[in-house]
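# Chain and residue survey
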Amino acid sequence: KNSDFTLANRPFCEACGLSAGEIIGKKAHEVWPDSMAQQILKDDATILRTGQSLKREQIINHHSKGKIRLEIVKKPLTGLNGEISGIVGTASDITARYEYEDRLKKYERIVATSIDMMALVNREYRYEAANNSYLEAHGLNEEEIVGSTVAEIKGEKVFENTIKHYMDKAFQGEVVSFQNEFMYKGIGRRYIETSYFPHKNDQGDTV
């Protein structure tokens with residue numbers, strides 16, 4: 001409650017670049033830069049006042065890794081009488097996850113704005129996703145396509161006579177390409193080159 005560190009594990013020491021002996025008994029501003037120390041003290045004061053846990057993200061300069069992003073969780077530590085006697089904090093390195101999510105968002109933006117029609121179809125022949133070009137060509141919005149079957153969107157006859165054969169080959173793990181003429185609600189009749197690429201899960205199964 002005096003804002004002194006009373007315990008620090010090895011990863012915490014590595015992040016600070018200090019030994020446990022150099023940390024125990026010190027205050028936040030003696031371990032971290034002033035701006036971060038002020039945030040720590042503010043968080044601690046809120047927890048001590050409200051008794052509520054706190055979770056947030058923080059970018060720090062790790063002693064050996066450089067800048068990393070942490071997910072910080074702090075909880076009040078209570079004694080037998082229920083009085084708050086301290087605060088327990090954990091910090092998880094989420095840098096890799098954050099960078100992956102950032103790359104995924106960029107990839108999604110590229111797909112969404114591509115002039116090629118793109119869609120993801122599951123083994124039940126139902127749409128799971130479609131980009132803007134696909135929606136515009138069919139003259140439909142996302143809610144009308146996602147969850148619908150290919151037969152419902154393309155027509156039962158077109159699906160059974162043309163599309164299903166190629167999709168089934170892709171579900172067997174093949175990359176399939178073909179050309180055919182299709183009628184689209186949004187752009188009219190077009191001669192299209194279509195390619196189906198197997199999308200695999202972590203076990204290597206085409207889903």
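Cut-offs and rules
Residues numbered from 1 in each chain as written. Predicted model: local features only at pLDDT ≥ 70, side-chain atom pairs only at ≥ 80, totals over all residues. Heavy atoms only, no water. Helix = DSSP H or I, 4+ residues; strand = E, 2+ residues; numbered from the N terminus. Rg over C-alpha atoms; globule rule 2.2 N^0.38 Å. Buried < 20%, exposed > 50% of the residue type's maximum accessible area, 1.4 Å probe, protein only. Areas by Shrake-Rupley, 256 points an atom, 1.4 Å probe, with all protein chains shown as cover. Salt bridge = Lys/Arg side-chain N within 4 Å of Asp/Glu carboxyl O. Expected span 1.5 Å × (residues − 1). Arc of directions from axis to C-beta. Contact = heavy atoms within 4.5 Å. Core = buried A, V, L, I, M, F, W, Y, C linked by side-chain atoms within 4.5 Å. Pairing = 2+ DSSP bridges. Axes fitted to C-alpha atoms, helices over the stretch in contact; angles between N-to-C directions.

### What to know about the overall build of the chain
Across its full length, the chain carries nine helices and seven strands. Computed over C-alpha atoms, the radius of gyration of the chain comes to 27 Å, more than 25% over the 17 Å expected from 2.2 N^0.38 for 207 residues, which places it beyond the range of a compact globule. In terms of its C-alpha atoms, the chain occupies a principal-axis envelope of roughly 75 × 35 × 30 Å. Among the 207 residues that make up the chain, the fraction classed as buried is 30%. When the accessible surface of the chain is totalled, it reaches about 13,900 Å², and 49% of it is carbon and sulfur.

### Topic: the pattern of salt bridges
As enumerated under the stated definition, the model contains eleven salt bridges in all. Asp4 is paired through a salt bridge with Lys27; the nearest N and O atoms lie 2.7 Å apart. Note that Asp4 is positioned in the segment before α1 (10–16) and Lys27 in the loop between α2 (20–23) and α3 (28–31), a separation of 23 residues in sequence. Residue classification places Lys27 among the partly exposed residues on the basis of a relative accessible area of 31%. Note that Arg69 and Glu57 form a salt bridge whose closest N and O atoms lie 3.1 Å from each other. On the criterion of sequence distance, the pair formed by Arg69 in strand β2 (residues 66–78) and Glu57 in strand β1 (residues 54–62) is long-range, its members being twelve residues apart. A network of salt bridges, in which partner residues are shared, links Glu71, Arg97 and Glu101.

### As for helix α4 (residues 34–50)
The end-to-end C-alpha separation of α4 is 24 Å, in line with the 24 Å expected for 17 residues at 1.5 Å each. All of the buried residues in α4 are Met36, Ala37, Ile40, Asp43, Asp44 and Ile47. The buried residues of α4 occupy an angular sector of 125° when the element is viewed end-on, so they sit on one face. Facing away from the buried side of α4, by more than 90 degrees, are the exposed residues Asp34, Ser35, Gln38, Lys42 and Arg49. Elements in contact with the buried residues of α4: α3, β1, β2 and β3 (84–93). Following α4 by one or two positions, Gly51 adopts a phi angle in the positive range, close to 75°.

### A short note on the nonpolar core
Of all hydrophobic cores here, the largest spans 23 residues; its most connected members are Tyr127, Ile145, Val150, Phe159, Ile163, Met167 and Tyr196. Those elements that provide at least two residues to this core are β5 (127–130), α6 (132–138), α8 (150–154), α9 (156–171), β6 (176–184) and β7 (188–196). No other element matches the five residues that α9 contributes to this core. Leaving out residues up to four positions away in the same chain, Tyr127 has contacts with Ala119, Leu120, Val121, Tyr134, Ile145, Val146, Gly147, Ser148, Thr149, Val150, Ile153 and Lys154. In this structure, Val31, Ala37, Ile40 and Leu70 belong to the second largest nonpolar core, which totals 16 residues.

### What to know about the sheet that holds β2
On the basis of which strands lie adjacent, the open sheet formed by three strands has the order β1-β2-β3 and antiparallel pairing. Of all the strands in the sheet, the pair left with one neighbour each is β1 and β3. Between one strand and the next, the sheet's axes are offset by a mean angle of 35°, whatever the strand orientation. Note: β1 against β2, nine bridges, orientation antiparallel. Following the sheet pairing, Asn61 is matched in β2 by Lys67.

### Section: the pairing of β7
As paired strands, β6 and β7 are joined by nine bridges and run antiparallel to one another. Note on β7: the bridge partner recorded for Ser177 is Ser195.

### Digging into the pairing of β2
Joining the antiparallel neighbours β1 and β2 is a turn of three residues. Counting the residues that bridge the hairpin from β2 to β3 gives five residues, and of these Gly82 lies at a positive phi of roughly 85°.

Keep in mind these values describe shape, not function.
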